[in-house]
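Listed below are the residues making up each chain.
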Amino acid sequence: MDMEQYMGIFADEAKEHLQNLNDYILELEKDHDRKDLLNEIFRSAHTLKGMAGAMGFEKMATLTHEMENVLDELRKGEREVNLQIIQVLFSCLDALEALVNEIITEGVELTEVDSLIDTIKNLDSEVAAALEEELINKTEEIKEEKINESQNLEYLETVIEKATELGLNTFKIKIKFAEDCLLKSARAFMVFRELDSIGEIVYSNPSVQDIEDEKFDQEIEVIVLTKKSKDHIIPLINNITDVKIAEFEVIREGRPVNKEKNEEIDKNDRVEPVNKADEHNHKRPKTGQTVRVDIERLDNLMNLVGELVISKTRLEQISLTNQLGYLNETIEQIDRITDELQSVVMKVRMVPVEQVFNRFPRMVRDLAKELSKEVELVIEGKETELDRTVIDEIGDPLVHLLRNALDHGIEKPEERLKAGKNRFGTIKLRALHEGNNVIIKIEDDGRGIDPQLIKRKALEKGVLSEQDLERLDESEILKLIFRPGFSTAQEITDISGRGVGLDVVKYKIESLGGEVELESRIGYGSTFTIRLPLTLAIIQALLVKSVNEIYAIPLAVIQETVSIREENIKRIQNHEVITLRGEVLPLFRLQNLLDIPPDSYNSSDNYSEIFVVVVRKGDKRAGLIVNELVGQQDIVIKSLGRLLNGIKGIAGATILGDGRVALILDIGTLF
Amino acid sequence: MENYTQEIQLVVFKLDGEEYGIDILQVKEIIRLLDITRVPKAPWFIEGVISLRGTVIPVIDLRKRFQLTASNRDEDCRIIVVMVDDITFGIIVDSVNEVLRLNKNDIEPSPTVAGSTNGAYIKGIGKLNDRLITLLELDKLIEH
């Protein structure tokens, strides 16, 4: 069988299950008595085991198998959830994640899991665990010595006795596989899955391991403890292709027990009617009907829509210049369709920020433990959607900011109590829509950032001189921490302060077309606000003409456009300015900024009316002088390619309706 | 079959009266002159960018690169779109003449002509009958 084609699916699904497991176990850590969670955890682990087994990843399968054993005991109440177990489960998840990543990148499992498996086996054993272990040992002995069944059954006796008391039936089932059955182990897996769903398999011959390795003939024999009747089980198994029940032996029937007890078992069993409402609340996310699509295909689709937008603009222009009234109606219709198409394609590319946020609860928990701080992470708006490309990039900056908040922001519990705060620190991670932007806020209620400390550091590191610092107000001082080479960590910890500063965060976010702001109050905490564009591919822009060249300015940075006269322009320190509603606005002539050759300048054109585009650069404003405002339109952003990358003032290119290329200005680096 | 490895096919074009050749395997297509958009602050030898069916690619004016006198671009003027190391770019030439086969044995290493600044761009000189064809080292064209 060609495994390659299943690898992608395996990787995706394995990651999904690991994420689910992480989430559930985190929940479980908060509330040890959540039976519904245990069921979910067990199911996810079980599926993982099956997947790993089917793909032949032995370490994963073995490890999940061991996890499953523990989980099963927890689920059945044979063992109490405690912190030790949760820690071990988390370690298992880490190992599994490492294995999955190795499988994806290297194709083989490298991480050693033996010691972890030993840890699981050595977990404080209670009666059931001891029994189970004995059983496992015995099955192994059987494998080697081929002791006859009746002898082996003695060891099962105690288990069966206990089960009978609980009202469970004990069945011995001999299952026969068709002579020409392919993938016997897969069939066996299906049988096991069916039986697991209605009860518990306490014995199998040959052993589970041998069955997975397909070391068996046409028959397997299992002993099942279940509440279900014979009539229920037979069709369940016989429905599996190429599998038939050869013998069905009732070893012991469950003793009729009093009602109370019966109900208790019910609880441990599958769905529990009483708690239904509760379970609804914690149901795993509904998997609707979906198709997994390669992101490259979506990019391709997006490009094509871009082309269509360009052609549409071109059509509009032709109709306009040729005064073709009858074309208008058609063009309007095409306009509507392309608009819709564009928004649909954009929506398809949108993914909830959940994908990034999901890994944070675990990260914050681990970090808090490490730093011996007590922190609650509150996540809001994780259903907020962002373009896939943005999602892929935003993870690292967010990790950085969260680590910062934990490491530098939140104080130790004693310190918090002294300051009259709750000993639990709170970090809020919020995502929300705001117009054409998505805002992500990271709020902590920690000690806040001291501007004086920043001032001192800035001086120490020679970021700014004392005179320069004097001129800055508090918010400008806070901004200094985004400067390269700036880190206020008093001591270098393992968490942050490893030389990668906030400047990298800022750079990353700006390269995504976004911006980041910081507010902070000493003693009350800090808030980082990240503003991101919904999409990167198509933006609204104003086309302007300078001399005879056309440039596009993203609408997002434009505040307004005003028309002035030459005589309105004043000079301050040899720099042109205007006063706009009382505010002095520095002016820049686009033709000077962009070295537009004057030889094409038509001097007979007397530009008595001058257009000024007022743009925002950070929190400063400036006016760009252009000769003509061509109009506002949707533009498709194209890369200039490797050869022309990183030119100051130019963010990219777009293609105009007439097929010519216009450059998109990058206000941030233009002046 | 032996012939096959011995020969290379060249796209031959004219620039300032001289003949040049580019290995046909590096040529993606040959197009007529399009509107070229100047890119401010670009390296001096880059004339600007064009849109090639929706993809923006840089264009190099070979006359400028070789520091020859600029001439009026006429009807014969072409852009040869080439790809080198995954970078696609266009070069503006006076005219494209033909595609011809050249035996590898007929290629001589580039002579160092005194006073020539363009030696770095030359891979070798191809001799065909009494014609001399300068073979271009394309990756050098886009180096600063």
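Residues numbered from 1 in each chain as written. Chains lettered and ligands numbered in written order. Predicted model: local features only at pLDDT ≥ 70, side-chain atom pairs only at ≥ 80, totals over all residues.

1. Structural notes on the overall build of chain B
Then, in step 1: Scanning chain B from N- to C-terminus turns up 3 helices and 11 strands.
Then, in step 2: Per-residue burial for chain B yields a buried fraction of 31% across its 144 residues.
Then, in step 3: Look at the contacts in chain B between residues 6 or more apart in sequence, and 53% of them connect residues 24 or more apart. (Helix = DSSP H or I, 4+ residues; strand = E, 2+ residues; numbered from the N terminus. Buried ≥ 20, exposed ≤ 12 C-beta atoms within 10 Å, placed from the backbone. Contact = placed C-beta atoms within 7 Å.)

2. As for the overall build of chain A
Then, in step 1: Helix and strand content of chain A: 24 helices and 22 strands.
Then, in step 2: When contacts within chain A are restricted to residue pairs at least 6 apart in sequence, those whose partners lie at least 24 apart make up 68%.

3. Points about the pairing of strand 22 (residues 661-665) of chain A
Residues and elements named next belong to chain A.
Then, in step 1: The element strand 22 is largely enclosed, with a buried count of 4 among its 5 residues.
Then, in step 2: The pairing of strand 13 (residues 549-554) with strand 22 spans 2 bridges and is parallel. Counted as the bridge partner of A552 is I664 from strand 22.
Then, in step 3: Across 5 bridges, strand 21 (residues 650-655) lies against strand 22 in antiparallel orientation. The residue of strand 22 that forms the bridge with A653 is L663. (Pairing = 2+ DSSP bridges.)

4. Comments concerning the packing of helix 13 (residues 295-321) of chain A against helix 14 (residues 325-349) of chain A
Residue and element names in this part refer to chain A.
Then, in step 1: Axis separation between helix 13 and helix 14 bottoms out at 10 Å; the angle between their running directions is 160 degrees. Relative to helix 14, the element helix 13 is oriented roughly antiparallel. The crossing of helix 13 and helix 14 is left-handed. Two secondary-structure elements touch here, helix 13 through L298, L301, M302, V305, L308, V309, K312, L315, E316 and S319 and helix 14 through L327, N328, I331, I334, D335, T338, L341, Q342, V345, V348 and R349. (Axes fitted to C-alpha atoms, helices over the stretch in contact; angles between N-to-C directions. Parallel < 35°, antiparallel > 145°, perpendicular 65-115°, else oblique. Left-handed = near helix turned anticlockwise from the far one by under 90°.)

5. Regarding the sheet that holds strand 15 (residues 570-572) of chain A
All names here are of chain A.
Then, in step 1: Read from one edge to the other, the open sheet built from 6 strands follows the order 14-18-19-17-16-15, with strand pairing classed as mixed. Among the strands making up the open sheet, the edge pair consists of strand 14 (558-565) and strand 15. When the angles between neighbouring strand axes are averaged without regard to direction, this sheet yields 40 degrees.

6. Observations regarding the interface of chain B and chain A
Then, in step 1: With 18 residues of chain B at the interface, the matching set in chain A holds 21 residues.
Then, in step 2: Of all the secondary-structure elements, those providing two or more residues to the side of chain B that touches chain A are strand 4 (46-52), strand 5 (55-61) and strand 7 (87-93) of chain B.
Then, in step 3: For the side of chain B that touches chain A, the element with the highest residue contribution is strand 4 of chain B, accounting for 4 residues.

7. Overview of the sheet that holds strand 11 (residues 131-136) of chain B
Residue and element names in this part refer to chain B.
Then, in step 1: If you walk across this open sheet you meet the 6 strands as 8-1-2-11-10-9, and the pairing is mixed. Of all the strands in the sheet, just strand 8 (95-103) and strand 9 (107-109) have a single pairing partner and so form its edges. In this sheet, neighbouring strand axes are inclined to one another by 35 degrees on average, regardless of whether the strands run parallel or antiparallel.

8. Structural notes on the nonpolar core
Then, in step 1: By size, the foremost hydrophobic cluster in this structure holds 71 residues, and its most contacted members are I553, V613 and L665 of chain A together with V49, V59, I80 and I91 of chain B.
Then, in step 2: Counting contributing residues per domain, this core is built from domain 3 (295-351) and domain 5 (538-670) of chain A, each supplying no fewer than three.
Then, in step 3: Judged by nonpolar contacts, the second largest core, of 34 residues, contains V353, L377, L480 and V516 of chain A. (Core = buried A, V, L, I, M, F, W, Y, C linked by C-beta atoms within 7 Å. Domains from an automatic or database assignment.)

9. What to know about the confidence of the model for chain A
Then, in step 1: Averaged over every residue, the pLDDT of chain A is 78; residues scoring 70 or more account for 85%.
Then, in step 2: With pLDDT under 50 throughout, residues 257-287 of chain A is counted as low confidence; its partners more than four residues away or in other chains account for 21 contacts. (pLDDT = per-residue confidence, 0-100.)

10. So, the packing of helix 16 (residues 360-370) of chain A against helix 17 (residues 388-409) of chain A
All names here are of chain A.
Then, in step 1: With their axes 11 Å apart at the nearest point, helix 16 and helix 17 run at an angle of 30 degrees to one another. Here helix 16 lies roughly parallel to helix 17, going by the angle between them. Crossing handedness for the pair helix 16 and helix 17: right-handed. Contacts from F360, V364, L367 and A368 of helix 16 reach helix 17 at L402, R403 and L406.
Then, in step 2: Grouping the amino acids of the contact of helix 16 with helix 17 by side-chain chemistry returns 6 nonpolar, no polar and 1 charged. (Nonpolar A, V, L, I, M, F, W, Y, C, P; charged D, E, K, R; others polar.)

11. So, helix 2 (residues 35-55) of chain A
Then, in step 1: The end-to-end C-alpha separation of helix 2 of chain A is 30 Å, in line with the 30 Å expected for 21 residues at 1.5 Å each.
Then, in step 2: G56 of chain A lies just past helix 2 of chain A and shows a positive phi near 80 degrees. (Expected span 1.5 Å × (residues − 1).)

12. Here's the deal with the environment of I31 of chain B
All names here are of chain B.
Then, in step 1: Looking at the secondary structure, you find I31 in strand 3 (residues 27-32).
Then, in step 2: On the basis of neighbour count, I31 is assigned to the partly exposed category, with 14 C-beta atoms found within 10 Å.
Then, in step 3: On a C-alpha basis, the gap between I31 and C77 in space is 9.2 Å, while along the polypeptide they are 46 residues apart.
Then, in step 4: Excluding residues within four positions of it along the chain, I31 makes contact with R78, I79 and V81.

13. A look at the confidence of the model for chain B
Then, in step 1: In this model, chain B carries a mean pLDDT of 85, and residues with pLDDT of at least 70 account for 90%.
Then, in step 2: Across the interfaces of the predicted complex, the ipTM metric reaches 0.88, alongside a pTM of 0.50.

14. Regarding the environment of V353 of chain A
Residues and elements named next belong to chain A.
Then, in step 1: Mapped onto the elements of the fold, V353 is located in the loop between strand 5 (350-352) and helix 15 (354-357).
Then, in step 2: With 26 C-beta atoms packed within 10 Å, V353 lands in the buried category.
Then, in step 3: Taking the C-alpha atoms as reference points, V353 and L386, 33 residues apart in sequence, are found 6.6 Å from one another.
Then, in step 4: Every residue in contact with V353, bar those within four places of it in the chain, is listed here: K382, T384, L386, I391 and A431.

15. Concerning the pairing of strand 5 of chain B
Residue and element names in this part refer to chain B.
Then, in step 1: Among the 7 residues that make up strand 5, 6 are buried, leaving the element largely enclosed by the rest of the structure.
Then, in step 2: The pairing of strand 4 with strand 5 spans 6 bridges and is antiparallel. In the strand pairing of strand 5, L52 is matched with T55.
Then, in step 3: Connecting the antiparallel pair strand 4 and strand 5 is a turn made up of 2 residues, with R53 showing a positive phi of about 45 degrees.

16. Structural notes on helix 17 of chain A
Residue and element names in this part refer to chain A.
Then, in step 1: Taking 1.5 Å per residue as the helical rise, helix 17 with its 22 residues ought to reach 32 Å, and the 30 Å between its terminal C-alpha atoms agrees with that figure.
Then, in step 2: Within helix 17, the axis deviates most sharply at I394, by approximately 35 degrees, and proline P397 lies no more than four positions further along.
Then, in step 3: Taken together, the buried positions of helix 17 are V390, I394, P397, L398, L401, L402, R403, N404, A405, L406, H408 and G409. (Bend = angle between axes of the 7 residues up to and from the residue.)

17. Some thoughts on the environment of V12 of chain B
All names here are of chain B.
Then, in step 1: Topologically, V12 is positioned in strand 1 (residues 7-15).
Then, in step 2: Along the chain, V12 and D23 lie 11 residues apart, while their C-alpha atoms are 9.0 Å from each other.
Then, in step 3: In this structure V12 touches E19, G21, N97, E98, L100 and I133, once residues within four positions along its chain are discounted.

18. What to know about unusual backbone geometry
Residue and element names in this part refer to chain A.
Then, in step 1: One non-glycine residue, V547, lies in positive phi territory at about 55 degrees.
Then, in step 2: You can see V547 is positioned in the loop between strand 12 (538-546) and strand 13.
Then, in step 3: Classification of V547 by C-beta neighbours within 10 Å gives partly exposed; the count is 18.
Then, in step 4: Look at R581: it is not a glycine, yet its phi comes out positive at around 45 degrees.
Then, in step 5: By the secondary structure assignment, R581 is in the loop between strand 16 (575-580) and strand 17 (583-589).

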